[in-house]
Every structure is written in structure tokens, then in C-alpha cells.
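Structure assessment
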Amino acid sequence: MTIHLRQTAASASEATIRGHKIAIDRPLGKGGADTGPMGGELFLAAIGGCFISNLLAAINARRAQVSGVRTEVIATLEDSPSRFTAIELCVSAECADRELFEKLVEIAERGCILVNTVKGKLDLQVRIGTVV
């Protein structure tokens with residue numbers, strides 16, 4: 001897997017991923033022009049996106065009656081050096097069978113490349129929120 005980045009401004013770059021282009025920049029308060037999310041924000045979005053795509057695949061493969069899937073990614077940030085020390089994925093959905101949803105979340109957690117990559121390197125938790 002290869003991703004290409006190129007500088008587009010004093011504080012910004014553009015990532016090309018397959019045919020997709022994503023602007024990456026710093027917020028105004030950090031010396032950027034705020035033309036896109038920061039790399040750390042994309043990292044968190046990538047973890048959430050990887051997890052939710054695996055969850056949706058598990059739901060679709062089983063034709064499970066689950067809809068309205070949402071994942072909130074909550075990160076703990078530390079300084080010196082600046083880094084994430086903990087990440088929590090809070091998963092919610094509309095599903096009448098909570099036990100089934102828990103199983104699907106477990107399958108997604110095991111199948112997610114990014115969850116598997118960061119687990120054991122920082123505190124990563126997957127929590128089920130509201131299931132209605």
C-alpha cells in the first residue's frame with residue numbers, strides 16, 4: 001500500500017490515495033491555513049473508518065437487522081513528546097438484538113487492520129454505547 005503526499009502551501013499538503021485527494025493542514029491557531037484536517041485527526045478518522053467498515057461488512061455478510069451505525073473516536077493526548085496515549089471507539093446502532101450487535105462489534109474489532117496495529121502499543125478500547 002502506497003500513499004503519495006505533496007506540499008500545496010506553506011503549511012499544507014495533499015494526500016493522494018488511489019483516486020482520492022485529501023487536503024492536510026494545521027488549524028489557524030497552530031500556524032496553518034485550516035484547509036484540511038491535521039494528520040493526527042486523519043489518523044483517528046482512519047481508525048474509526050477502518051473499524052466501521054469492518055463492522056458494516058460483518059453486518060452485511062450476516063444480513064443482520066442493524067442500521068444507523070455510528071462510531072465516536074475519543075483520543076487522549078499527551079505532551080513531551082506530543083502523542084496519543086489512549087483511544088476509545090464508542091459504537092452505537094439501531095439493533096433489537098444487543099447480543100448479536102456485541103458479536104458483530106467483536107468481529108469488526110478483530111478484523112480491523114488499524115485496531116490490530118495500535119492495540120498493545122497504546123490503550124485502545126471499544127465500547128458499545130446506545131443500542132436501540
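The structure under discussion appears in the preceding block.
Residues numbered from 1 in each chain as written. Predicted model: local features only at pLDDT ≥ 70, side-chain atom pairs only at ≥ 80, totals over all residues. Heavy atoms only, no water.

1. Some details on the sheet that holds strand β6 (residues 123-131)
Read across the open sheet, the three strands follow the order β4-β5-β6; overall the sheet is mixed. This sheet does not close on itself; its edge strands, each paired only once, are β4 (66-78) and β6. Ignoring which end each strand starts from, the neighbouring axes of this sheet average 20° apart. Alignment of β4 against strand β5 (residues 83-95), held across 11 bridges, turns out to be antiparallel. Paired with S67 across the two strands is E94, which belongs to β5. Relative to β6, helix α2 (residues 98-111) is tilted by about 155°, and along the sheet it contacts β4, β5 and β6. (Pairing = 2+ DSSP bridges. Helix = DSSP H or I, 4+ residues; strand = E, 2+ residues; numbered from the N terminus. Axes fitted to C-alpha atoms, helices over the stretch in contact; angles between N-to-C directions. Contact = heavy atoms within 4.5 Å.)

2. Quick look at helix α1 (residues 39-61)
With 23 residues, α1 extends 32 Å from end C-alpha to end C-alpha; this agrees with the ideal 33 Å at 1.5 Å per step. Among the residues of α1, L44, I47, G48, C50, F51, L55, A58 and I59 are the ones counted as buried. Residues of α1 that are buried make contact with β4, β5, α2, α3 (113-118) and β6. Phi turns positive, to about 50°, at R63, one or two residues after α1. (Expected span 1.5 Å × (residues − 1). Buried < 20%, exposed > 50% of the residue type's maximum accessible area, 1.4 Å probe, protein only.)

3. Observations regarding the layout of surface pockets
Its volume calculated, the largest pocket comes out at about 540 Å³. If you trace the largest pocket, you find 15 residues lining it, with M1, I3, I17, A46 and L114 closest to the centre. Ranked by residues supplied to the lining of the largest pocket, first place goes to α1 with four residues. The residue inventory of the lining of the largest pocket, partitioned by class, reads 13 nonpolar, one polar and one charged. Size it by volume and the second largest pocket reaches roughly 260 Å³. Looking at the second largest pocket, the residues that line it are R26, K30, M38, G39, G40, E41, L44, L77, S82, R83 and F84. (1 Å grid on protein atoms, 1.4 Å probe; cavity = no way out; pocket = protein on both sides within 12 Å on 5 of 7 lines; lining within 4 Å. Points joined across faces, edges and corners; volume = space filled by probe spheres on them. Nonpolar A, V, L, I, M, F, W, Y, C, P; charged D, E, K, R; others polar.)

4. Concerning the sheet that holds strand β1 (residues 4-7)
Strand order in this open sheet of three strands is β1-β2-β3, and the pairing throughout is antiparallel. At either margin of the open sheet sits one strand with a lone partner, and together these are β1 and β3 (20-24). The sheet shows a mean angle of 25° between the axes of neighbouring strands, direction not considered.

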